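This is what each chain is made of:
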Amino acid sequence: MFSRFSPEPSEKQAIAGHGFAGATARFFSSPILLVCSAFVLVLPIILMGTPGGNDFTFHMTSWLEVSSQSAFYPRWPDGANFGFGDARFIFYPPLSWFLGGSLCKVLPLAAVPGTYIFLCGLIASFGMYLLASEFMPRRESLIAGAFFPLCPYFLFNIYHRSAYSEILAMALLPVSLACLLRLRQARGPRQIVFFAFSLSLIWLTHVPSALITSISLGCVAVVLVSLGRDYLPLIRAAAGFLIALGLTSFYWLQVVNERPFVRISRSEVGVMSAGDFRLDPLLGAIVIVHVIAAISLVAYVYRKPRVSIASRRMIVALAVLPVVMLSPASLPLYGLPFLWFISMPFHWLSVLALLYSFGAAYVACSWPRLVATCAVLGIAAILVLPGFVRHMGGPTRLLLNMRSAILSREGYAASVADWNPRGFRFDPDLKNLPVASFAQAANGSASSVCAAKDLHVEVWSPVQKDVETDCPVDSVLRFRLAYYPLWRIVVNGNTVPPFENSAGVLQASLPAGKNQIEVSLQEPAFHALGVFCSVPTLAVCVALTLISAPWCSRPSGPRKSASCSTTSPPIKTEAVEPLFLPPHKMGHS
């Protein structure tokens, strides 16, 4: 795979020239171009500050919560809903907030969003290069990789929406597709493991993107079968899907089991409506640009007779489904099981962004076209940049305020209510509620006998709350926590059932006298089962990868290793049609 970053022998002579032309040729034939593309992606952030889009507060508070907790896998953000918390860490895919939280621990806050976006840009550009190398020569593949993180929808997610999880999932999409394409000529389990691992990373990043990716990859797998009526690629792809399911079971099993306890459900969110297809002018223009690029690329590959049949079918498969799902006519399809999780139709633009990059590389295959393309895109970026940017620079101060609110237990308003427990309804009057207080006596009278002096909070952390009370009558202790079934309350060594009041606040009944109360959040019931499935699956994947590694199949001397025994009969090479034409046979006019 990594040998693709070295120039082909036929290309070395072309880039060996001297002067400006030779230097330019070497630049556009070097992976440095991909790094420069990721740098250009964050250049406005370096110059003007961090953009604050619609999802900025949600992602940043999640990252700060992760960085402020000592647990490796946090379960409950203490600062959400002004200290009452929510269940976002149980339901939201963990990869983006784990990466963002790790960056918050080692970098200054002002540098975290830009660093995260730069890393996503690097993954997107190098992954797109690996994918495009299946279609194009080296130089055009590098150009496609450079254009992918700079496509309109990628920029829209960064500078207008601050959709950090979708940015990472979009960066991983070409890697997953490249691994799928190599399943057709794979002779061992190694490529299947790579495909499963790349797909599982997307599932652990953004659920709508994961659904779109899985559907798109399924269409591509069907195309691979149609090329030679060979069902082996489809079987390998199905095996990769099952392995990815096992790798991510620690996440999705608990989500399926716990979903009835939060607000995000089909009955409350509802199926997509016709209003979701009405886009604002900026997003509508981006949709038009990507759709035109996809249609133009399809027309181009069918006009060129030297483009392989596989390339044509592949591009059509990646173009038709997103274009159809972006139209209002596809509204009934979103009522199908699990498709309503896509939430908004414009998420399909992540697939069309691949074709946008392919088309840009085809257009820029000659020096005059490359200069003209860069000039047009540069002018367009300058013109639309004010529409992309939202509150550049202001969120840097907001980050500091968020961290201060979390550390001081003051908390912050939850920007997304989907992860709130079902019965919890935040009321502004609850903001002044202590972390623990007496609510009402067991007989229904006001607990005026029990005062604040009878209560002492010993420990109050995201994973453990210890309170000591001494009240002469039976009482009800109210906590500054949203009720959730996973809360476990132990009073004097005995587990007592928690309950909620009319506002959905956690409460517990206490007997008269001195009491030691311990409140902790249990692991979801299916989390242990998911870990039990994920860990063995990961171990098997690592073993298969090592066994089928190139150094294992190549004898190093007269004596062979026992773990690399080659006593089995040699694998026959499959006589399959080349998936894409070699570089010297492709037309570039």
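Refer to the structure above for everything that follows.
Residues numbered from 1 in each chain as written. Predicted model: local features only at pLDDT ≥ 70, side-chain atom pairs only at ≥ 80, totals over all residues. Heavy atoms only, no water.

Caption draft 1: A look at the packing of aromatic side chains. One pass over the full model with this rule turns up 21 aromatic pairs. Relative to F346, the ring of Y153 has its centre 6.5 Å away and its plane inclined at 65°; by these criteria the two rings are edge-to-face. Placement of Y153 in helix α9 (residues 152-161) and of F346 in the loop between α17 (309-325) and α18 (349-363) is noted, with a sequence separation of 193 residues between them. For the residue pair Y153 and F346, the accessibility class agrees, reading buried in each case. By way of ring pairs, the aromatic residues F58, F91, Y92 and W419 are connected into one cluster. Looking at K465, its charged tip hangs above the ring of W460, at a distance of 5.5 Å from the centre. (Phe/Tyr/Trp six-rings, centres within 6.5 Å; stacked < 30°, edge-to-face > 60°. Helix = DSSP H or I, 4+ residues; strand = E, 2+ residues; numbered from the N terminus. Buried < 20%, exposed > 50% of the residue type's maximum accessible area, 1.4 Å probe, protein only. Lys NZ or Arg CZ within 6 Å of the ring centre and 35° of its normal.)

Caption draft 2: Region of interest: the pattern of salt bridges. On inspection of all chains with the given rule, the structure shows 7 salt bridges. Here R161 makes a salt bridge to D55, at a shortest N to O gap of 3.8 Å. Taken as a pair, R161 in helix α9 and D55 in the loop between α3 (32-48) and α4 (56-68) lie far apart in primary sequence, 106 residues in all. Put simply, D55, R161 and E166 are held in one network by salt bridges that share partners. (Salt bridge = Lys/Arg side-chain N within 4 Å of Asp/Glu carboxyl O.)

Caption draft 3: Region of interest: the sheet that holds strand β3 (residues 464-471). As summarised here, the arrangement of the 5 strands in space is β2-β3-β9-β5-β6, forming an open sheet in which the pairing is antiparallel. Of all strands in the sheet, those bounded by a partner on one side alone are β2 (455-460) and β6 (494-496). Going across the sheet, the axis of each strand differs from the next one's by a mean of 25°, ignoring polarity. Pairing of strand β5 (residues 487-491) with strand β9 (residues 513-521) involves 5 bridges; the strand directions are antiparallel. Bridge pairing in β9 places V490 opposite E518. (Pairing = 2+ DSSP bridges. Axes fitted to C-alpha atoms, helices over the stretch in contact; angles between N-to-C directions.)

Caption draft 4: The side chain of S141, seen in detail. Position of S141 among the secondary structure elements: in helix α8 (residues 138-147). At 3.2 Å, the side chain of S141 and the backbone oxygen of M136 are in polar contact. In this structure, S141 is in contact with Y129, A132, S133 and M136, ignoring residues within four places of it in sequence. (Polar contact = N/O pair within 3.5 Å; in protein donor to acceptor, adjacent residues only side chain to side chain. Contact = heavy atoms within 4.5 Å.)

Caption draft 5: Highlighting a nonpolar patch on the surface. Where nonpolar side chains cluster on the molecular surface, the patch consists of F39, V40, L43, I46, L47 and M48 and spans about 570 Å² of accessible area. Here V40 lies in helix α3. (Patch = residues over 30% accessible without salt bridge, like charges linked within 9 Å, V, L, I, M, F, W, Y side chains within 5 Å. Areas by Shrake-Rupley, 256 points an atom, 1.4 Å probe, with all protein chains shown as cover.)

Caption draft 6: Up close: the sheet that holds strand β7 (residues 499-500). Strands sit in the order β1-β4-β8-β7 across an open sheet of 4 strands; the sheet is antiparallel. Lying at the two open borders of the sheet, with one neighbouring strand each, are β1 (436-438) and β7.

Caption draft 7: Examining the pairing of β9 more closely. Both β3 and β9 contribute to a ladder of 8 bridges, which runs antiparallel. Along β9, the bridge assignment pairs D470 with K514.

Caption draft 8: How the structure looks around the side chain of T545. By secondary structure assignment, the location of T545 is in helix α21 (residues 527-547). A distance of 2.7 Å separates a polar side-chain atom of T545 from the backbone oxygen of C541. Contact partners of T545, with chain neighbours within four places excluded, come to R190, V193 and F194.

Caption draft 9: Fine view of unusual backbone geometry. Unusually for a residue other than glycine, N81 sits at a positive phi of about 55°. Topologically, N81 is positioned in the loop between α4 and α5 (88-91). With phi around 55°, N492 is a residue other than glycine that occupies positive phi space. Within the fold, N492 resides in the loop between β5 and β6. The class for N492 is partly exposed, based on a relative accessible area of 40%.

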